[in-house]
Amino acid sequence: MIHIGKLIKQKLEEAGKNESWLAEQLECPTSEVVKILEKRSIETDHLLRISSVLGYNFFQDYSQLLAQIKTEN
């Protein structure tokens, strides 16, 4: 399964950005971003906003996982 918080953190680091930067972009407290990065799953509207800010389609990772699950069954 995908741990979305870890994946977001990875993409954030790859972009050379930190939690404070993401919080500023999302217009929320840094503490909220820290909580998001610890979560295994988040609401889709939050994921959409984060995808937009980071320029990365996190939904594609879920689509790929779904395709993999389908081929295994």
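Above this text is the structure in question.
Residues numbered from 1 in each chain as written. Predicted model: local features only at pLDDT ≥ 70, side-chain atom pairs only at ≥ 80, totals over all residues. Heavy atoms only, no water.

Novice: What should I look at first to understand the overall build of the protein chain in this one?
Specialist: Along the protein chain, the regular secondary structure elements total five helices and zero strands. When its helices and strands are written in sequence order, the protein chain yields α-α-α-α-α. Along the first, second and third principal axes, the C-alpha set of the protein chain runs to 40 × 20 × 20 Å. In the protein chain, the share of contacts with a sequence separation of at least 24, taken over all contacts with a separation of at least 6, comes to 58%. Of the charged side chains in the protein chain, 9 are positive and 11 negative, and the gap between their average positions amounts to 3 Å. (Helix = DSSP H or I, 4+ residues; strand = E, 2+ residues; numbered from the N terminus. Contact = heavy atoms within 4.5 Å. Lys, Arg positive; Asp, Glu negative; His and termini not counted. Charge placed at Lys NZ, Arg CZ, Asp CG, Glu CD.)

Novice: Whenever I open this one, the layout of surface pockets confuses me. Can you help?
Specialist: It is a probe the size of a water molecule, rolled over the atoms, that shows where empty space is left. What the largest pocket holds in volume is close to 220 Å³. Tallying contributions element by element places helix H3 (residues 30–38) first for the lining of the largest pocket, with three residues. (1 Å grid on protein atoms, 1.4 Å probe; cavity = no way out; pocket = protein on both sides within 12 Å on 5 of 7 lines; lining within 4 Å. Points joined across faces, edges and corners; volume = space filled by probe spheres on them.)

Novice: For this particular structure, what's the right way to read the packing of helix H1 (residues 4–14) against helix H4 (residues 44–54)?
Specialist: Angle between the axes and distance between the axes: these two values describe a pair of packed helices. The interhelical angle for the contact between H1 and H4, taken along N-to-C directions, is 15°, at an axis separation of 11 Å. Between H1 and H4, the interaxial angle falls into the category roughly parallel. Crossing geometry of H1 relative to H4 is assigned as left-handed. Residues Ile4, Ile8, Lys11 and Leu12 of H1 touch H4, and the partners they reach there are Leu47, Ile50 and Leu54. Taken together, the residues of the contact of H1 with H4 break down into six nonpolar, no polar and one charged. (Axes fitted to C-alpha atoms, helices over the stretch in contact; angles between N-to-C directions. Parallel < 35°, antiparallel > 145°, perpendicular 65-115°, else oblique. Left-handed = near helix turned anticlockwise from the far one by under 90°. Nonpolar A, V, L, I, M, F, W, Y, C, P; charged D, E, K, R; others polar.)

Novice: Help me understand the side chain of Asp61, please; the structure alone is not making it clear to me.
Specialist: Topologically, Asp61 is positioned in helix H5 (residues 58–72). It is Lys11 that comes nearest to the buried, bridge-free Asp61 among opposite-charge side chains, at 6.3 Å. The residues contacting Asp61, other than those within four sequence positions of it, are Ile2, Leu7 and Tyr56. (Buried < 20%, exposed > 50% of the residue type's maximum accessible area, 1.4 Å probe, protein only. Salt bridge = Lys/Arg side-chain N within 4 Å of Asp/Glu carboxyl O.)

Novice: In this structure, what is going on with helix H2 (residues 19–26)? I would like to understand it.
Specialist: Side chains that are three or four residues apart share a direction in an α-helix, a result of its 3.6 residues per turn. Every buried residue belonging to H2 is among Leu22, Ala23 and Leu26, and all of these are buried. Along the axis of H2, the buried residues cluster in a sector spanning 100°; they form a single face. Along its buried surface, H2 packs onto H1, H3 and H4. One side-chain oxygen at the N-terminal end of H2 lies 3.1 Å from the backbone nitrogen of Ser20; it belongs to Asn18. Glu27 sits one or two residues past H2 and shows a positive phi near 55°. (Arc of directions from axis to C-beta. Polar contact = N/O pair within 3.5 Å; in protein donor to acceptor, adjacent residues only side chain to side chain.)

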